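Report on the structure
So you can see what is in the structure, the chains are spelled out below.
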Amino acid sequence: AASPERIFDAWTDPKQMVRWFKPSDEMSSDVEADLRVGGKYRIRMTAKNGIEHVSYGEYQVIEPPERLVFTWSWESGMAVGTLVTISLRRVEGGTELTLRHERFQTEDQVREHAFFMAEHFPQRAWIAVELLCGPDDSTRLSRVQQLGKTTGLPLVAAGDVHMHSSSRRILQDT
């Protein structure tokens, strides 16, 4: 089992990132990273047939070994300016890693990313659902439920929890 320190290094050290930061062993990768807030990174993944996929971004938060936040964009324009948060927590027997990827601009980007996660992280990925008590919540929930069915990813509640029944008290810390 790996420690949070070791996993944090795997996400931030270019020499380690080239070994695993690619969707399959059929690809090679080249990584440049300036690990500081405001620093840039660039990851070029190359398939055996020569097709390249290049992602890039900027580090927003660096808190070794618990948290790393960075923007994520593809040179192809598929997703631009999304935000990735890596949270690491020491647990018995190793480390729990939570990856949150947000700020997708279109439903197609969300769908494409969900299929990627389902394929590459089977049984280890889920879709976080946050409803804001707005007029389109039921429509949003239906779309997310359909995405969950299509990809096989389970849905989990995320965000703030509020009680909306006058007969119930607001939740509070005790």
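Here the structure is a predicted model, which means the values were calculated and not measured.

Our next topic: the packing of helix 3 (residues 107-120) against helix 4 (residues 137-151). At a minimum axis distance of 10 Å, the contact between helix 3 and helix 4 shows a crossing angle of 35 degrees. Once helix 3 is placed against helix 4, the crossing between them reads as right-handed. The segment helix 3 lies against helix 4, with Glu107, Val110, Arg111, Ala114, Phe115 and Ala118 engaging Arg143, Leu147, Thr150 and Thr151. In terms of residue class, the contact of helix 3 with helix 4 is built from 5 nonpolar, 2 polar and 3 charged.

What follows is about unusual backbone geometry. With omega at -10 degrees, the peptide bond leading from Pro64 into Pro65 counts as cis. Note that Pro65 resides in the loop between strand 3 (52-63) and strand 4 (67-74). With phi around 70 degrees, Arg103 is a residue other than glycine that occupies positive phi space.

Moving on: the nonpolar core. Within the largest apolar cluster, 20 residues are counted, with the highest numbers of intra-cluster contacts made by Trp11, Ile43, Leu68, Phe70, Trp72 and Ile86. At the level of secondary structure, the elements contributing two or more residues to this core comprise helix 1 (4-12), strand 1 (27-33), strand 2 (40-47), strand 4 and strand 5 (82-91). With sequence-adjacent residues up to four places away left out, Trp11 is seen in contact with Met17, Trp20, Phe21, Leu68, Phe70, Ile86, Leu97 and Leu99. Grouped together as the second largest cluster of nonpolar side chains are 8 residues, Ala114, Met117, Ile127 and Leu147 included.

The subject of this paragraph is helix 1. Along helix 1, the residues classified as buried are Pro4, Ile7, Phe8, Ala10, Trp11 and Thr12. As for helix 1, its buried residues are in contact with helix 2 (14-20), strand 1, strand 3, strand 4, strand 5 and strand 6 (94-102).

This part takes up the confidence of the model for the protein chain. Taken over all residues, the pLDDT of the protein chain has a mean of 86, while the share at 70 or more is 91%. Within the protein chain, the element-level pLDDT minimum falls on strand 7 (residues 127-129), averaging 84, and the maximum on helix 1, averaging 96. When the criterion is pLDDT under 50, residues 163-174 qualifies, and its contacts beyond four places in sequence or with other chains add up to 6 contacts.

Rules behind the numbers
- Residues numbered from 1 in each chain as written.
- Predicted model: local features only at pLDDT ≥ 70, side-chain atom pairs only at ≥ 80, totals over all residues.
- Heavy atoms only, no water.
- Axes fitted to C-alpha atoms, helices over the stretch in contact; angles between N-to-C directions.
- Helix = DSSP H or I, 4+ residues; strand = E, 2+ residues; numbered from the N terminus.
- Left-handed = near helix turned anticlockwise from the far one by under 90°.
- Contact = heavy atoms within 4.5 Å.
- Nonpolar A, V, L, I, M, F, W, Y, C, P; charged D, E, K, R; others polar.
- Core = buried A, V, L, I, M, F, W, Y, C linked by side-chain atoms within 4.5 Å.
- Buried < 20%, exposed > 50% of the residue type's maximum accessible area, 1.4 Å probe, protein only.
- pLDDT = per-residue confidence, 0-100.

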